[in-house]
Amino acid sequence: ACAGKKGLEIGGPSAIFTWKGKIPLYSVVGSLDACNFSGTTMWEGTISEGNHFTFHPKKEPGFQFISEASDLRSITDATYDFLLSSHVLEHCANPLKTLREWTRVLKEEGMLLLIVPHRDGTFDHNRELTTFEHLLQDESVNMGEDDTTHMDEFITKIDLGMTSYGNDTATFEERTRKNQEFRGMHHHTFDARLVIKMIDHTGLQITNVQTMLPFHIVIAAQKMRSKNNDRWLGTEFRLPRSPFITDRN
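What counts and how
Residues numbered from 1 in each chain as written. Predicted model: local features only at pLDDT ≥ 70, side-chain atom pairs only at ≥ 80, totals over all residues. Heavy atoms only, no water. Helix = DSSP H or I, 4+ residues; strand = E, 2+ residues; numbered from the N terminus. Rg over C-alpha atoms; globule rule 2.2 N^0.38 Å. Contact = heavy atoms within 4.5 Å. Areas by Shrake-Rupley, 256 points an atom, 1.4 Å probe, with all protein chains shown as cover. Lys, Arg positive; Asp, Glu negative; His and termini not counted. Charge placed at Lys NZ, Arg CZ, Asp CG, Glu CD. Axes fitted to C-alpha atoms, helices over the stretch in contact; angles between N-to-C directions. Parallel < 35°, antiparallel > 145°, perpendicular 65-115°, else oblique. Nonpolar A, V, L, I, M, F, W, Y, C, P; charged D, E, K, R; others polar. Buried < 20%, exposed > 50% of the residue type's maximum accessible area, 1.4 Å probe, protein only. Pairing = 2+ DSSP bridges. Disulfide = S-S within 2.5 Å.

Caption draft 1: Highlighting the overall build of the chain. Along its length, the chain carries eight helices and 10 strands. For a compact globule of 249 residues, the expected C-alpha radius of gyration is about 18 Å, and the chain comes in at 17 Å, within 12% of that figure. Contacts in the chain between residues far apart in sequence, at least 24 positions, make up 73% of those at least 6 positions apart. Carbon together with sulfur atoms contributes 50% to the accessible area of the chain, which is approximately 11,900 Å² in total. Here the chain contributes 27 positive and 34 negative side-chain charges, whose respective centroids are spaced 6 Å apart.

In structure tokens, the structure reads:
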């Protein structure tokens, strides 16, 4: 669905899409732009808006946008054939609003490839799973990126030993308290069922759901005039081969 097509990546570049990654898409896409929330991030260093997004050594650089993932106002409707996002949505305070914005910039029949961390496989494993009702509430009040609702929970409950901070609790807490600058906090936690509900709520047709180690939920979905996600939404839905116990129960 991405081969030779024009796409947008939220965040990135992402190792998972390189030729050594689990989903090596960079080598087959036609062109790829990107969006990052700031000109300076923990992951990309210093970047600037313009034709600077280098994602593959043999591809022309794409356009780098600097804006919130939930606010792509500089991009017109139905611009892209596909959109990629790897481990970004957990850093967004209002994921349902964000998904609607990503859907807006997709062409009809355009594809979304979304990767988010599974709660069970990450440093979030001690936290409660976010409920869909909570996400609906965030959407209804138009929650902004300055939200600190989950900050204390994140600081006290994550497994710091699974992070790059090790035992450096002071630096971890300082950066988390400055989330507007660093964006390292996970606002919400996910399992496969929750992400399926989110995608369905956004109005996309789910085409595939996969889970993979060490902590990935991968969902492909398509922007269509009508959808039917009943096979994914049933109360008996299970992912029996998922490496994460929450999806198997």
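Caption draft 2: Focus on the packing of helix α1 (residues 95-104) against helix α2 (residues 132-140). Where α1 meets α2, the closest approach of the two axes is 7 Å, and the angle between their N-to-C directions is 70 degrees. Taken as axis vectors, α1 and α2 run roughly perpendicular relative to one another. Between α1 and α2, the contacting residues are P95, L96, K97 and R100 on the first element and F132, L135, L136 and E139 on the second. Here the contact of α1 with α2 is composed, by residue class, of five nonpolar, no polar and three charged.

Caption draft 3: Region of the structure containing the side chain of T163. Position of T163 relative to the elements: it lies in the loop between α3 (151-157) and α4 (169-177). T163 gets classed as buried once you look at its relative accessible area, which sits at 16%. Apart from the residues within four sequence positions on either side, T163 is in contact with F123 and I158.

Caption draft 4: View of the pairing of strand β8 (residues 106-117). The buried fraction of β8 is high, at nine of 12 residues. By the bridge criterion, seven bridges tie β8 to strand β10 (residues 216-222) in an arrangement that is antiparallel. Within β10, the residue paired with I115 across the bridge is V218.

Caption draft 5: Just unusual backbone geometry, in detail. Of note, the amide linkage connecting G12 to P13 takes the cis form, showing an omega dihedral of 5 degrees. In this fold, P13 is placed in the loop between β1 (6-10) and β2 (31-36). That bond from L213 to P214 is cis: its omega, 5 degrees, falls within 30 degrees of zero. In this structure, R183 is a non-glycine residue whose phi angle is positive, near 60 degrees.

Caption draft 6: Molecular detail of the state of the cysteines. Here the structure, examined in full by the defined rule, presents zero disulfides. Cysteine C92 shares no disulfide, and the gap to the nearest cysteine sulfur, in C35, comes to 9.6 Å.

Caption draft 7: View of the sheet that holds β1. Spatially, the eight strands line up as an open sheet ordered β5-β6-β2-β1-β7-β8-β10-β9, and their pairing is mixed. The two strands at the open ends of the sheet, each matched to only one other strand, are β5 (50-53) and β9 (205-212). For this sheet, the mean inter-axis angle between neighbouring strands, taken without regard to orientation, is 25 degrees. In terms of strand pairing, β1 meets strand β7 (residues 80-86) through four bridges, oriented parallel. Note that in β7 the partner of I10 across the bridge is S85.

Caption draft 8: Region of interest: the side chain of T246. By secondary structure assignment, the location of T246 is in helix α8 (residues 245-248). Its relative accessible area of 15% is what places T246 among the buried residues. Residue contacts for T246: discarding those within four places in its chain leaves H118, R119, D120, L129, D191 and R193.

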